[in-house]
Amino acid sequence: MTVIAGFRCQDGVVVCADTQETLGSSKRNVPKLEFTKGPTWSAEQNEMINHDLALALCGAGNGHCVDKIASRAWDALRGIAHIEEASDAVESMIKETYREFGQIFQPESFPEAELIYGITIGGQRRLFQAWGPLVLVKSYASSGIGHFLADFLAARLGGNGASGWLKKRQCVAGGDYILF
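Reference entry: report on the structure contained in this document. Just so we're clear, the structure is a prediction, and the values are computed from it rather than from any experiment.

## Looking at the overall build of the protein
Across its full length, the protein carries four helices and 12 strands. The C-alpha radius of gyration of the protein comes to 16 Å, within 12% of the 16 Å expected for a compact globule of 180 residues. Along the first, second and third principal axes, the C-alpha atoms of the protein reach 50 × 45 × 25 Å. Within the protein, buried positions represent 44% of all 180 residues. Restricting to contacts in the protein with at least 6 residues of sequence separation, those with at least 24 account for 57%. Roughly 9,800 Å² of accessible area belongs to the protein as shown, and the carbon and sulfur atoms make up 53% of that amount. Across the protein, the 17 positively charged side chains and the 20 negatively charged ones have centroids separated by 6 Å.

This is the structure in structure tokens:
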């Protein structure tokens, strides 16, 4: 059962995912969470920038589609210094990936992927949920076949819809409980 979840907290973003992938009738353990942290190189400024930039991304659905988007996400953030620019850059990259590969696949056969990702930079943080090319800013998000259970548990922990007032350690404990 796949479950991914994310919380926007007072002091950061928490993104979590299980590790079980189903392929037909078999299951295997794979990492579903990608975490990347700055700094990045700026060719314009000829120096390292964004020492506090971080991206955490996890996905449910077609693993290959999730992996493709995850591999492009960090590159979309290189050289960006503000949360608004970072938000727009990743959203544009997701839409462009769907546009590019949508031309290759037959109509109605594009593999589906649901993503939850968080970006922090300059003391600011945002949490996003993407269903295909549709991206929304969220304070709490869950996805995967286990999202109903995750939503139920998060609501009891105070994280569903109101996680912005919780501290990071509380969200980590909540995410751990949801995955357990």
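Next, the rest of the story.
## Brief notes about the sheet that holds strand E5 (residues 33–37)
Taking strand neighbours across the sheet as the criterion, the five strands line up as E5-E8-E9-E10-E11 in an open arrangement whose pairing is antiparallel. The sheet terminates laterally at E5 and strand E11 (134–138), the two strands that pair on one side only. If you compare each strand with its neighbour and ignore which way they point, the axes differ by 20° on average. Sheet topology note: the strand E10 (residues 124–131)/E11 ladder contains five bridges and is antiparallel. For Trp131, the partnering residue across the bridge sits in E11 and is Leu134. Lying on the sheet, helix H1 (residues 63–77) is in contact with E5, strand E8 (54–61) and strand E9 (113–121); it crosses E8 at an angle near 165°. On top of the sheet, helix H2 (residues 83–102) reaches E9, E10 and E11; it is set at about 160° to E9, its chief contact.

## Comments concerning the nonpolar core
Most often, soluble globular proteins keep nonpolar side chains buried together rather than apart. Ranked by internal contacts, the top residues of the largest apolar core, which has 26 residues, are Leu77, Ile94, Tyr117 and Ile119. If near-sequence neighbours (up to four positions away) are discounted, Ile119 is found in contact with Leu53, Ala54, Leu55, Leu77, Ile83, Ala86, Ser87, Val90, Gln124, Arg125, Arg126 and Phe128. Core analysis: the second largest hydrophobic core is formed by 11 residues, Cys9, Ala150, Cys171 and Ile178 among them.

## A word on the state of the cysteines
Chemically, a disulfide is nothing more than a covalent bond linking the sulfur atoms of two cysteines. All chains considered together, the criterion is met by zero disulfides. In this structure Cys58 is a free cysteine whose sulfur lies 6.9 Å from that of Cys16, the closest cysteine sulfur available. Between Cys171, a free cysteine, and Cys9, which holds the nearest cysteine sulfur, the sulfur-to-sulfur gap is 3.0 Å. Exposure remark for Cys171: the relative accessible area of 1% places this residue in the buried category.

## Brief notes about a nonpolar patch on the surface
Judged by side-chain polarity, Trp131, Leu134 and Leu136 come together as a nonpolar surface patch covering roughly 260 Å² of accessible area. Position of Trp131 relative to the elements: it lies in strand E10. Among the residues examined, Trp131 registers a relative accessible area of 33% and is labelled partly exposed.

## Some remarks on the pattern of salt bridges
Summed over the entire model, instances satisfying the criterion amount to six salt bridges. A salt bridge links Asp18 to Lys32; the nearest nitrogen and oxygen atoms lie 2.9 Å apart. One end of the pair, Asp18, is in the loop between strand E2 (12–17) and strand E3 (20–23); the other, Lys32, is in the loop between strand E4 (26–29) and E5, and 14 residues separate them in sequence. A single burial state applies to Asp18 and to Lys32, both of which are buried. With a closest N to O distance of 2.7 Å, Arg99 and Glu96 form a salt bridge.

How each quantity is defined
- Residues numbered from 1 in each chain as written.
- Predicted model: local features only at pLDDT ≥ 70, side-chain atom pairs only at ≥ 80, totals over all residues.
- Heavy atoms only, no water.
- Helix = DSSP H or I, 4+ residues; strand = E, 2+ residues; numbered from the N terminus.
- Rg over C-alpha atoms; globule rule 2.2 N^0.38 Å.
- Buried < 20%, exposed > 50% of the residue type's maximum accessible area, 1.4 Å probe, protein only.
- Contact = heavy atoms within 4.5 Å.
- Areas by Shrake-Rupley, 256 points an atom, 1.4 Å probe, with all protein chains shown as cover.
- Lys, Arg positive; Asp, Glu negative; His and termini not counted.
- Charge placed at Lys NZ, Arg CZ, Asp CG, Glu CD.
- Pairing = 2+ DSSP bridges.
- Axes fitted to C-alpha atoms, helices over the stretch in contact; angles between N-to-C directions.
- Core = buried A, V, L, I, M, F, W, Y, C linked by side-chain atoms within 4.5 Å.
- Disulfide = S-S within 2.5 Å.
- Patch = residues over 30% accessible without salt bridge, like charges linked within 9 Å, V, L, I, M, F, W, Y side chains within 5 Å.
- Salt bridge = Lys/Arg side-chain N within 4 Å of Asp/Glu carboxyl O.

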